[in-house]
Amino acid sequence: TGGFSVSSHRPCCVFLAPDAAYCARVDTVSPAFLEVAREVASPAANDAAHLIGRSPSKYENFVETSVHIGVKSTIGPGCIVGDNVTLGDRCSVKRSVIAPGCSIGTGVKLINSVVMAHATIEDGCTVQGCVIGPRAVIGAGSSLRECIVAAEYEVDDGEDIRAETLAKKR
């Protein structure tokens, strides 16, 4: 039949988890990864907050004790903020996950986003619906919406970017 054969065998993988476990398939960064991150951060009874190993705070979020929170900054419900994170003054964090070692500048608005380890978001930025890679730097006054920022990528000051994947050219 034309000199080649097509195999009808396809590999199949199965993971059987205990009833108390949480399992999610994430095949895209956005929206799947963002949605799973929000689900883990959610204090709702049927979501996955039990994976964190403790109950949420009275503000329905998970903030490590080593976090430095600036004056008039707020961390809303459904957020996770990891160890050694610094939030500048007048920051607003809503429904987001911030990994350990991040630096968030003064006046930053962070909404529905995931910020990976040791990333920096400088003063006056707005970041909404984004995934910020490890050690990435978002320059002062920038506005990012629905973006994916690769590890170690640097966004220039004052950029206004929508629905882009930002990665270093190889």
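Everything below is about the structure shown above.
Treat the numbers as computed from the prediction; the structure is a model and nothing was measured.

## A word on the overall build of the protein chain
Here's step 1: Within the protein chain, the regular secondary structure consists of 1 helix and 19 strands.
Here's step 2: Of the contacts formed within the protein chain by residues at least 6 apart in sequence, a portion of 9% connects residues at least 24 apart.
Here's step 3: Summing over all exposed atoms, the protein chain offers an accessible surface of approximately 10300 Å²; the carbon and sulfur share of this is 52%.

## A word on the environment of L110
Here's step 1: Considering the arrangement of structural elements, one finds L110 in strand 9 (residues 109-111).
Here's step 2: Placed 20 residues apart in sequence, L110 and C130 show a C-alpha to C-alpha distance of 9.0 Å.
Here's step 3: If near-sequence neighbours (up to four positions away) are discounted, L110 is found in contact with S92, V93, K94, S96, I98, V115, I121 and V127.

## Details of the sheet that holds strand 3 (residues 74-75)
Here's step 1: Spatial strand order, 3-6-9-12-15-18: 6 strands in an open sheet with parallel pairing. One side of each edge strand has no neighbouring strand; the edge strands of this open sheet are strand 3 and strand 18 (160-162).
Here's step 2: Across 3 bridges, strand 9 lies against strand 12 (residues 126-128) in parallel orientation. Residue pairing for strand 12: L110 is matched across the bridge by V127.

## Observations concerning the sheet that holds strand 16 (residues 148-149)
Within a sheet, adjacent strands bond to each other through the backbone by hydrogen bonds, running parallel or antiparallel.
Here's step 1: Across the sheet, 7 strands lie side by side as 1-4-7-10-13-16-19; this open sheet has parallel pairing. The sheet is open, and its two edges are formed by strand 1 (62-63) and strand 19 (165-166), each paired on a single side.
Here's step 2: Taken together, the 2 bridges between strand 4 (residues 80-81) and strand 7 (residues 97-98) define a ladder with parallel strand orientation. Within strand 7, the position partnered with V81 by the bridge is I98.

## Structural notes on unusual backbone geometry
Here's step 1: Positive phi is not limited to glycine here, since E146 has a value of about 55°.
Here's step 2: Among the secondary structure elements, E146 is positioned in the loop between strand 15 (143-145) and strand 16.
Here's step 3: Residue A163 is not a glycine yet carries a positive backbone phi of 50°.
Here's step 4: With respect to the secondary-structure elements, A163 resides in the loop between strand 18 and strand 19.
Here's step 5: Take A163: its relative accessible area is 58%, and that puts it in the exposed class.

## Re the nonpolar core
Here's step 1: Of all hydrophobic cores here, the largest spans 28 residues; its most connected members are I98, I121, I132 and L144.
Here's step 2: Counting 10 residues, the second largest nonpolar core, distinct from the first, contains V36, A41, F62 and V131.

## Topic: the pattern of salt bridges
Here's step 1: On inspection of all chains with the given rule, the structure shows 2 salt bridges.
Here's step 2: Close ionic contact of E152 with R135 constitutes a salt bridge, the shortest N to O distance being 2.9 Å. In this pair, E152 is assigned in the loop between strand 16 and strand 17 (154-155) and R135 in the loop between strand 13 (131-132) and strand 14 (137-138), connecting sequence segments 17 residues apart.
Here's step 3: Classification of E152 as partly exposed rests on a relative accessible area of 37%.

## Description of the state of the cysteines
Cysteine pairs can be linked by a disulfide, which is a covalent bond between their two sulfur atoms.
Here's step 1: Scanning the entire structure with this criterion turns up 0 disulfides.
Here's step 2: C130 provides the cysteine sulfur closest to C147, a residue in no disulfide bond, and the two sulfurs are 4.7 Å apart.
Here's step 3: For C147, a relative accessible area of 1% puts it in the buried group.

About the thresholds
- Residues numbered from 1 in each chain as written.
- Predicted model: local features only at pLDDT ≥ 70, side-chain atom pairs only at ≥ 80, totals over all residues.
- Heavy atoms only, no water.
- Helix = DSSP H or I, 4+ residues; strand = E, 2+ residues; numbered from the N terminus.
- Contact = heavy atoms within 4.5 Å.
- Areas by Shrake-Rupley, 256 points an atom, 1.4 Å probe, with all protein chains shown as cover.
- Pairing = 2+ DSSP bridges.
- Buried < 20%, exposed > 50% of the residue type's maximum accessible area, 1.4 Å probe, protein only.
- Core = buried A, V, L, I, M, F, W, Y, C linked by side-chain atoms within 4.5 Å.
- Salt bridge = Lys/Arg side-chain N within 4 Å of Asp/Glu carboxyl O.
- Disulfide = S-S within 2.5 Å.

Keep in mind that these numbers describe shape and distance, not what the molecule does.
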